[in-house]
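One letter stands for each residue in the lines below.
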Amino acid sequence: MTTDNLLFSLLSQLMWSVPTLLVCVIGVVMLRTRSLSNKAKNFGSAGLILVALGALAGVAFSGFISSGGIDHSSSNFRFFQMGYSALMQILHVISLAFLIVAMCGKDKAHVAENETQNPYS
């Protein structure tokens, strides 16, 4: 396979992952700038980072397969593909678990008192 075809394949796979990567990056930035508990920030950021890593791993796997990194007719290809799928499912479950823990956390964020608050309320 020529390098032009490999580059086109990688770029086309990356284009499918761009929306996921944008959502994850914007989500991490939003989590870090909000007044949330550290637990929610850390678990939420970890979950979004794992989702982004899963998207990048998909691009890398597609590039590896399309570059001829493994022979499609070999008996190892099916095991390689099953192992990759299992690893991605585990990564996806862990990232969703982190996001659920971040959303369901009951820790209160510390909010600094405002000097102009109404003292009579």
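Let us look at the structure shown here. (Residues numbered from 1 in each chain as written. Predicted model: local features only at pLDDT ≥ 70, side-chain atom pairs only at ≥ 80, totals over all residues. Heavy atoms only, no water.)

## Details of helix 3 (residues 75-104)
Inference 1: The terminal C-alpha atoms of helix 3, which comprises 30 residues, lie 44 Å apart, in line with the 44 Å expected from a rise of 1.5 Å per residue.
Inference 2: Along helix 3, the residues classified as buried are F77, Y84, M88, L91, S95 and A102.
Inference 3: Elements in contact with the buried residues of helix 3: helix 2 (38-66). (Helix = DSSP H or I, 4+ residues; strand = E, 2+ residues; numbered from the N terminus. Expected span 1.5 Å × (residues − 1). Buried < 20%, exposed > 50% of the residue type's maximum accessible area, 1.4 Å probe, protein only. Contact = heavy atoms within 4.5 Å.)

## Notes on the environment of V25
Inference 1: Along the polypeptide, V25 turns up in helix 1 (residues 3-33).
Inference 2: Note: C-alpha distance between V25 and L48 (23 residues apart in sequence) is 7.8 Å.

## Observations regarding the packing of aromatic side chains
Inference 1: Counted under the stated rule, the structure contains three aromatic pairs.
Inference 2: Ring centres 3.8 Å apart and planes at 5° place the aromatic pair F61 and Y84 in the stacked group. Remark: Y84 occurs in helix 3 and F61 occurs in helix 2; sequence separation between them is 23 residues. An identical accessibility class is assigned to F61 and Y84; each is buried.
Inference 3: Put simply, the rings of F61, F80 and Y84 touch in pairs and so form one group of aromatic residues. (Phe/Tyr/Trp six-rings, centres within 6.5 Å; stacked < 30°, edge-to-face > 60°.)

## A few points about the environment of A40
Inference 1: Within the secondary structure, A40 is located in helix 2.
Inference 2: Accessibility expressed as a relative area gives 12% for A40, which makes it buried.
Inference 3: Distance from A40 to A102, taken between C-alpha atoms, is 4.2 Å for residues 62 residues apart in sequence.

## Description of the side chain of S17
Inference 1: Summarising the element assignment, S17 is placed in helix 1.
Inference 2: Discounting residues that sit within four places of it in the chain, S17 has contacts with A55 and V59.

## Points about the nonpolar core
Inference 1: Core analysis: the biggest nonpolar cluster contains eight residues, these being L50, F61, I65, I70, F77, Y84, M88 and L91.
Inference 2: Going through the elements one at a time, helix 2 and helix 3 are the ones with two or more residues in this core.
Inference 3: With four residues, the top contributor of residues to this core is helix 3.
Inference 4: Residue contacts for Y84: discarding those within four places in its chain leaves A57, G58 and F61.
Inference 5: Within the second largest apolar cluster, seven residues are counted, among which are C24, V28, L31 and A52. (Core = buried A, V, L, I, M, F, W, Y, C linked by side-chain atoms within 4.5 Å.)

## Brief notes about the packing of helix 2 against helix 3
Inference 1: At a minimum axis separation of 7 Å, helix 2 and helix 3 run at an interaxial angle of 160°. In terms of orientation, helix 2 and helix 3 fall into the roughly antiparallel class. Classified by chirality, the crossing of helix 3 by helix 2 is left-handed.
Inference 2: When the residues that make up the contact of helix 2 with helix 3 are grouped by side-chain class, the tally is 21 nonpolar, six polar and one charged. (Axes fitted to C-alpha atoms, helices over the stretch in contact; angles between N-to-C directions. Parallel < 35°, antiparallel > 145°, perpendicular 65-115°, else oblique. Left-handed = near helix turned anticlockwise from the far one by under 90°. Nonpolar A, V, L, I, M, F, W, Y, C, P; charged D, E, K, R; others polar.)

## Concerning the environment of G105
Inference 1: Mapping G105 onto the fold places it in the segment after helix 3.
Inference 2: Look at G105 and you get partly exposed, because its relative accessible area is 35%.
Inference 3: Along the sequence, G105 and F43 sit 62 residues apart, while their C-alpha atoms lie 9.5 Å from each other.

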